[in-house]
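# Overview (structure and organization)
Single-letter residue listing:
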Amino acid sequence: MKIFKLAGTIPALAFVVLLASGVSSAQATTLYEAPADRLGGLCPTCAGTATKMGDDISLAGGPATLNKLIWDTSNFGADYTAEIKVDFFNVDLSGTTPGVGSLIHTQTSDHFLAGGNGGPETTFVDIAIADVLVPERFIYSIEVVNNNGSTNWNVAGQFATNSTDEDETLAQAQVGANNEFDFIFGDWVPESGTDTSGLTFQRLSMASYQIGLPQFSDFAEYSNFTPNVTFEGQVAPIPLPAAGWLLLTAFGGLGIAARRRKAA
């Protein structure tokens, strides 16, 4: 009889021990995904510029360990191997508007981009992230160090010419959240071959950014869009101190139950 009662506690105890270990067997999942309505290659890189571009986003489920970034981009030129740099920043909330905070992680890797030779050839660039732990809200940037002058950022959202037509829900992420609808983060220079190390990553309004192309300047002020990216990873496990308390509480509960059985 005692063995039967003890056996009944084993599943609950095993569950608590699993929580306490902080180890998750779950597979990587999509933690952020941009809106589905891709607008196409719109970016200052169209004219052969050096560009750094990103956004202020929040993940689904809280802080997480990232292991993949999927970037949707277009190449109007010839095939080439792009040297792509990715940075992750904290969000600086000390001012009146969110800004770029301290650097969390940076990495550079090479990726083949098929060329369209005059037309847009879309590539979903899979960038492996080295299990980077990030807060729920952060700012990322993507930069093609050796841009051939024809690689463009695909974006998702909406262009609008007036406040009446403006609809920020069109820039809502499918998974996760966009924190800055009328602002993106980036910097660019209008000349091909410029050293990208001189770029200053900063918060930009749509009006000042003008989508990088003069013909879209009338749409800029009321537009809402975000670079088209997906982040995959795992939600951060329960911190070990918290898990330890869970474990102690579980053992305490089992002890109380055992004493009650003896008293009965």
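Computed from a prediction, not measured in an experiment: that's the story for all the values here. (Residues numbered from 1 in each chain as written. Predicted model: local features only at pLDDT ≥ 70, side-chain atom pairs only at ≥ 80, totals over all residues. Heavy atoms only, no water.)

## Focus on the pattern of salt bridges
- Counted under the stated rule, the structure contains 4 salt bridges.
- Across the salt bridge formed by Glu180 and Arg137, the nearest N and O atoms sit 4.0 Å from each other. Of this pair, Glu180 sits in the loop between strand 10 (177-178) and strand 11 (183-189) while Arg137 sits in strand 8 (residues 137-144), and the two are 43 residues apart along the sequence.
- Overall, the relative accessible area of 10% leaves Glu180 in the buried class. (Salt bridge = Lys/Arg side-chain N within 4 Å of Asp/Glu carboxyl O. Helix = DSSP H or I, 4+ residues; strand = E, 2+ residues; numbered from the N terminus. Buried < 20%, exposed > 50% of the residue type's maximum accessible area, 1.4 Å probe, protein only.)

## Some points on the packing of aromatic side chains
- The full count for this structure, using the stated rule, is 9 aromatic pairs.
- Above the plane of the ring of Phe183 lies Arg203, whose end atom (NZ or CZ) is 3.6 Å from the centre. (Phe/Tyr/Trp six-rings, centres within 6.5 Å; stacked < 30°, edge-to-face > 60°. Lys NZ or Arg CZ within 6 Å of the ring centre and 35° of its normal.)

## With respect to the nonpolar core
- With 32 residues, the main nonpolar core has Leu66, Ile84, Phe138 and Phe231 as its most contacted residues.
- Counting residues in each nonpolar core, the second largest holds 5 residues, with Val91, Ile139, Phe185 and Phe201 among its members. (Core = buried A, V, L, I, M, F, W, Y, C linked by side-chain atoms within 4.5 Å.)

## Remarks on the environment of Gly116
- Relative to the helices and strands, Gly116 is located in the loop between strand 6 (99-113) and strand 7 (121-134).
- Residue class for Gly116 comes out partly exposed when judged on its relative accessible area of 24%.
- Aside from chain neighbours lying at most four places away, what touches Gly116 is Asn75, Phe76, Gly77 and Glu121. (Contact = heavy atoms within 4.5 Å.)

## Digging into the pairing of strand 4 (residues 64-75)
- Counting buried positions along strand 4 yields 10 of 12 residues, so the element is predominantly enclosed.
- Pairing of strand 4 with strand 14 (residues 229-235) involves 7 bridges; the strand directions are antiparallel. Note that in strand 14 the partner of Ile70 across the bridge is Thr230.
- Judged from the 11 bridges that link them, strand 4 and strand 7 form a sheet pairing that is antiparallel. Bridge pairing in strand 7 places Lys68 opposite Ala128.
- Strand direction decides the pairing type here: strand 4 and strand 9 (residues 151-158), joined by 3 bridges, are antiparallel. When the sheet's bridge partners are listed, Ser74 is paired in strand 9 with Asn152. (Pairing = 2+ DSSP bridges.)

## Description of the side chain of Asn154
- Along the chain, the position of Asn154 falls in strand 9.
- Among the polar contacts listed, one links the side chain of Asn154 to the backbone oxygen of Thr73, at a separation of 3.5 Å. (Polar contact = N/O pair within 3.5 Å; in protein donor to acceptor, adjacent residues only side chain to side chain.)

## A closer look at the confidence of the model for the protein chain
- For the protein chain, mean pLDDT is 78; residues scoring 70 or higher make up 68% of the total.
- Within the protein chain, the lowest mean pLDDT, 46, falls on helix 1 (residues 2-21), and the highest, 97, falls on strand 1 (residues 29-33).
- Considering only residues more than four positions removed or in separate chains, one finds that residues 2-7, a stretch of pLDDT under 50, has 1 contact.
- Taken together, the stretch residues 10-25 has pLDDT below 50 and engages in 17 contacts with residues farther than four places along the chain or on a different chain. (pLDDT = per-residue confidence, 0-100.)

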